[in-house]
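For reference, the chains in residue letters:
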Amino acid sequence: MALEEQGAGGLDGNEDWAALGEDGLAHAGSAKGGAERILNQEEIDNLLGFSVEDLALTDNGGIRAIIDSAMVAYERLPMLDIVFDRLVRLLTTSLRNFTSDNVEVSLDRIHAVRFADYLNSIPLPAILTIFKAEEWDNFGIATIDSSLIYSIIDVLLGGRRGVTAIRVEGRPYTTIEMGLVKRMIEVILADAEAAFRPISPVNFRIDRLETNPRFAAISRPNNAAILVRLRIDMEERGGSVEILLPYATIEPIRDRLMQTFVGEKLGRDPVWEGHLASEIFQARTAVEAVLYEADLPLRQLMNLKVGDTLVLDMKPDALVKVRCGDQILTEGRMGRVGDKVAVKVQRPLRRARTTLTQFEQISSGGQEL
């Protein structure tokens, strides 16, 4: 009986373990099912930090920010903000005269990109203008998107206001369209020259127009570049212009672009120069008249005694050197006026042989004297 009861108990125990196993499996299955819950698109976008629609060059976060952290943090060039802000004002007036329409130009953003990343992000169709900065001996790219292309063509050819231009898919740009866009690009580059002129005179010359980004390779894929995006609005029409300047292009003026100017006034301040010059002319300085200089060995100097004579190797009519610090100003003759020792100037003061303009050219490496 004991064995039977024990066996029965054992069977009951096995049944309990079996029931417990089934409950555990059911619980594990429910937990597994909860872990395999599929995320919706909004949760995926929040996790990654970007969505499929926002793959353009915008501010990123999440995993996208980690991926983009490999981008080298290039130095900030404060003068570029002033230059392109000046370009916006010039371009607003120029495009109004060019289109005879109400045009508003705004600066979207300025940031650093990899050259290959920019070429891959260009939405097609578009017209890419490769231009050369002749003074800097390098190239840049100006990209006009399709919406602005058809908007400017519609405006120049007398299209009605309030009507959105219809873009024909798959049709290449005609010669007339390319010619009109080229004229607009010439206006943009002319204003860009005027915007850079206070920093460095430069001439932007159009090299060629391309519609395929593969043929617009002006730099190595991993090289860094400055990308400037301008938004052009003509009432209900418009688009964007992107100007790409590789760092190698602006390297000749990098030191000037790193400077910081307060306000909009560029270059020297004539008021401050005049004040500085007047204060320098009024400043008091000490001059000394040197009769004779000689180099003596330290042993001879230490052996001097009272009554020893130092022979001055000079004639009675020798000129006395008048100097300020280490600089010899002029020469004169020693004399006496009343009870004071005086020096009569015999030669005019030596003036600087370098003018202010020549000094600035020497400082910038323009020439040597």
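Rules used throughout
Residues numbered from 1 in each chain as written. Predicted model: local features only at pLDDT ≥ 70, side-chain atom pairs only at ≥ 80, totals over all residues. Heavy atoms only, no water. Buried < 20%, exposed > 50% of the residue type's maximum accessible area, 1.4 Å probe, protein only. Helix = DSSP H or I, 4+ residues; strand = E, 2+ residues; numbered from the N terminus. Contact = heavy atoms within 4.5 Å. Pairing = 2+ DSSP bridges. Axes fitted to C-alpha atoms, helices over the stretch in contact; angles between N-to-C directions. Salt bridge = Lys/Arg side-chain N within 4 Å of Asp/Glu carboxyl O. Phe/Tyr/Trp six-rings, centres within 6.5 Å; stacked < 30°, edge-to-face > 60°. Expected span 1.5 Å × (residues − 1).

### Looking at helix H6 (residues 146–156)
Reasoning step 1: H6 sits mainly inside the fold: eight of its 11 residues count as buried.
Reasoning step 2: Those residues of H6 that sit buried are Ser146, Leu148, Ile149, Tyr150, Ser151, Ile152, Ile153 and Val155.
Reasoning step 3: Contact partners of the buried residues in H6: helix H4 (78–99), strand S2 (126–133), strand S3 (138–145), helix H7 (175–196), strand S5 (224–234) and strand S6 (237–246).
Reasoning step 4: Where H6 terminates, the next one or two residues include Gly158, which has phi positive at roughly 85 degrees.

### A few points about the pairing of S2
Reasoning step 1: For S2, a buried count of eight out of eight residues is recorded, marking the element as mostly surrounded by other parts of the structure.
Reasoning step 2: Between S2 and S3, which follow one another and run antiparallel, lie four residues, and Asp137 among them has a positive phi close to 60 degrees.

### Focus: the sheet that holds strand S8 (residues 320–324)
Two strands in a sheet stick together by hydrogen bonds in their backbones, pointing the same way (parallel) or opposite ways (antiparallel).
Reasoning step 1: Overall, antiparallel pairing links the four strands, which are arranged S7-S8-S9-S10 in an open sheet. The strands lining the two open edges of the sheet, one partner per strand, are strand S7 (288–290) and strand S10 (340–345). Adjacent strand axes in the sheet meet at a mean angle of 45 degrees, parallel and antiparallel pairs treated alike.

### Some points on the pattern of salt bridges
Reasoning step 1: Tallied over the full model, the rule gives 15 salt bridges.
Reasoning step 2: Close ionic contact of Glu104 with Arg96 constitutes a salt bridge, the shortest N to O distance being 2.7 Å.
Reasoning step 3: Look at Glu104 and you get partly exposed, because its relative accessible area is 42%.
Reasoning step 4: For Arg96, a relative accessible area of 34% translates into the label partly exposed.
Reasoning step 5: Between Glu331 and Arg347 there is a salt bridge, with its nearest N and O atoms 3.0 Å apart. Linking Glu331 in strand S9 (residues 327–337) with Arg347 in the loop between S10 and helix H11 (356–363), this pair joins segments that are 16 residues apart in sequence.
Reasoning step 6: A relative accessible area of 18% places Glu331 in the buried class.

### Topic: the packing of aromatic side chains
Reasoning step 1: All told, the structure shown has six aromatic pairs when counted by the stated rule.
Reasoning step 2: With a centroid separation of 6.1 Å and 80 degrees between ring planes, the pair formed by Phe196 and Phe204 is classed as edge-to-face.
Reasoning step 3: The buried category is assigned to Phe196, whose relative accessible area is 2%.
Reasoning step 4: Linked through ring pairs, Phe84, Phe131, Trp136, Phe196 and Phe204 together constitute an aromatic cluster.

### Section: the sheet that holds S3
Reasoning step 1: Pairing within the open sheet is antiparallel, and its six strands lie in the order S1-S5-S6-S3-S2-S4. Looking at the sheet topology across the chains shown, the edges are occupied by strand S1 (104–114) and strand S4 (204–210). Going from strand to strand, the sheet's axes swing by 20 degrees on average, the running direction of each strand aside.
Reasoning step 2: Judged from the four bridges that link them, S3 and S6 form a sheet pairing that is antiparallel. Residue pairing for S6: Thr143 is matched across the bridge by Glu242.
Reasoning step 3: Most of the contacts of H4 go to S1, to which it runs at about 140 degrees, and overall it touches S1, S5 and S6.
Reasoning step 4: Across the sheet, H6 lies against S2, S3, S5 and S6, angled at about 125 degrees from S6, the strand it touches most.

### Points about unusual backbone geometry
Reasoning step 1: In the segment running from Leu124 into Pro125, the intervening peptide bond is cis, with an omega of 5 degrees.
Reasoning step 2: Examined against the element boundaries, Pro125 turns out to sit in the loop between helix H5 (115–121) and S2.
Reasoning step 3: A positive phi is found at Ser100, a non-glycine position, where the angle reads about 55 degrees.
Reasoning step 4: Among the residues examined, Ser100 registers a relative accessible area of 64% and is labelled exposed.

### Re H4
Reasoning step 1: Spanning 22 residues, H4 covers 32 Å between terminal C-alpha atoms, matching the ideal 32 Å at 1.5 Å per step.
Reasoning step 2: Met79, Leu80, Val83, Phe84, Leu87, Val88, Leu91, Thr92, Leu95, Phe98 and Thr99 are the residues of H4 that are buried.
Reasoning step 3: Taken together, the buried residues of H4 touch S1, H6, H7, S5, S6 and helix H8 (254–257).
Reasoning step 4: One or two steps after H4, the chain reaches Ser100, where phi turns positive at roughly 55 degrees.

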